[in-house]
Amino acid sequence: MTIIDTLHKEGKPQTFIAKEAGCSQSAVSKHVNRKLSTRKKCGIKICTTNRENRSLERLVKQNRFKNLGELHKEWTEAGPLLNHRQRQRRLTWAKEKKKWTVAQWSKVLFSDESKFCISFGNQGPRVWRKGGEAHSTSCFKSSVKFPQSDLAPAHTAKSTKSWLNDHGVGVLDWPANSPDLNPIENLWDIVKRKMRNKRPNNAEELKATVKETWASIPPQQCHRLITSMPS
């Protein structure tokens, strides 16, 4: 729903928003009208915080085909998303960067990896998904047992640190477990939405599709992500 809210604030028509969000125009209209409504809603009491909701959503997205019992077990074993030390590091980091301007953020090279699968299919089990996600690639189960993936080393690998040091590239101190602070996460989401109807047959076609889709994103869209950093 964040996509709908963002595009609505930009003044985009509902037909355009529906296409980008992968849902019907009526769903967009209902969501917008619901946000505009100031009536106090009745219903069950919400017992989780927004942070816990995001944590649970990430847990579900890791494997949408787990049953409720498996999700509950992982949820209770995982504990809080961030421990006290990590929360303090995030707060300190945010305070240090509070006065950074868009010009300063524009000098940062953001990086992260994302997984793209070759084949998709429906094996029959139930899947957890929101309205409008019926055709989302993440809601389809792979038709092969071991889909190809990129086993990239961690960003803190010795070889990575050595290369950065040799080339005089400064590294921005980054708090642990903070993908929500990295705008490239939004960029990967844009790429995957654009690839929603693509069906590459092999690894080479997949690579070509990812590169083509990445290249189709205008610089202005990337700049909008950077300008969101101060807020």
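Residues numbered from 1 in each chain as written. Predicted model: local features only at pLDDT ≥ 70, side-chain atom pairs only at ≥ 80, totals over all residues. Heavy atoms only, no water.

Under the annotation held in an unreviewed UniProt entry, the protein carries the name Transposable element Tc1 transposase and is attributed to Labeo rohita.

J.: Before we go on, may I ask you to explain the overall build of the protein in this structure?
T.: The helix and strand inventory of the protein stands at eleven helices and zero strands. Starting at the N terminus, the α and β elements of the protein follow one another as α-α-α-α-α-α-α-α-α-α-α. Surface summary for the protein: the accessible area is close to 17300 Å², and the carbon and sulfur share equals 54%. (Helix = DSSP H or I, 4+ residues; strand = E, 2+ residues; numbered from the N terminus. Areas by Shrake-Rupley, 256 points an atom, 1.4 Å probe, with all protein chains shown as cover.)

J.: Just checking my understanding: could you explain helix 10 (residues 203-215) for this structure?
T.: Side chains that are three or four residues apart share a direction in an α-helix, a result of its 3.6 residues per turn. Counted at 1.5 Å a residue, the expected span for helix 10 with its 13 residues is 18 Å, and the 18 Å between its end C-alpha atoms agrees. What helix 10 keeps buried is the set Leu206, Thr209, Val210 and Thr213. Across the axial projection of helix 10, the buried residues extend over an arc of 100 degrees, all falling on one side. Turned more than 90 degrees off the buried face of helix 10, the exposed positions are Glu204, Lys207, Lys211, Glu212 and Ala215. Summarising the contacts, the buried residues of helix 10 are in contact with helix 9 (184-194). In this structure asparagine 202 caps helix 10, since a side-chain oxygen of it lies 3.2 Å from the backbone nitrogen of glutamate 204. (Expected span 1.5 Å × (residues − 1). Buried < 20%, exposed > 50% of the residue type's maximum accessible area, 1.4 Å probe, protein only. Arc of directions from axis to C-beta. Contact = heavy atoms within 4.5 Å. Polar contact = N/O pair within 3.5 Å; in protein donor to acceptor, adjacent residues only side chain to side chain.)

J.: Help me out: how do you make sense of a positive patch on the surface in this one?
T.: On the surface, Arg51, Arg54, Arg58 and Arg87 cluster together into a positively charged patch. No other element matches helix 4 (residues 50-62), which puts three residues into the positive patch. Within the element layout of this structure, arginine 58 appears in helix 4. (Patch = residues over 30% accessible without salt bridge, like charges linked within 9 Å, V, L, I, M, F, W, Y side chains within 5 Å. Salt bridge = Lys/Arg side-chain N within 4 Å of Asp/Glu carboxyl O. Lys, Arg positive; Asp, Glu negative; His and termini not counted. Charge placed at Lys NZ, Arg CZ, Asp CG, Glu CD.)

J.: Would you mind showing me how to read the pattern of salt bridges here?
T.: Working definition: two side chains of opposite charge can pair if their charged atoms are close together. Evaluated as defined, the whole model comprises seven salt bridges. A salt bridge links glutamate 57 to lysine 130; the shortest N-O distance between them is 3.3 Å. Remark: lysine 130 occurs in the loop between helix 7 (102-105) and helix 8 (158-166) and glutamate 57 occurs in helix 4; sequence separation between them is 73 residues. For lysine 130, a relative accessible area of 40% gives the class partly exposed. The partner of arginine 193 in a salt bridge is aspartate 189, and the shortest N-O contact between them spans 3.2 Å. One end of the pair is arginine 193 and the other is aspartate 189, both in helix 9 and four residues apart, which spans about a single turn. Judged by relative accessible area, which is 16%, arginine 193 ranks as buried. What makes aspartate 189 partly exposed here is its relative accessible area of 36%. Among the ionic contacts, a cluster of salt bridges with common partners joins Glu20, Asp189 and Arg193.

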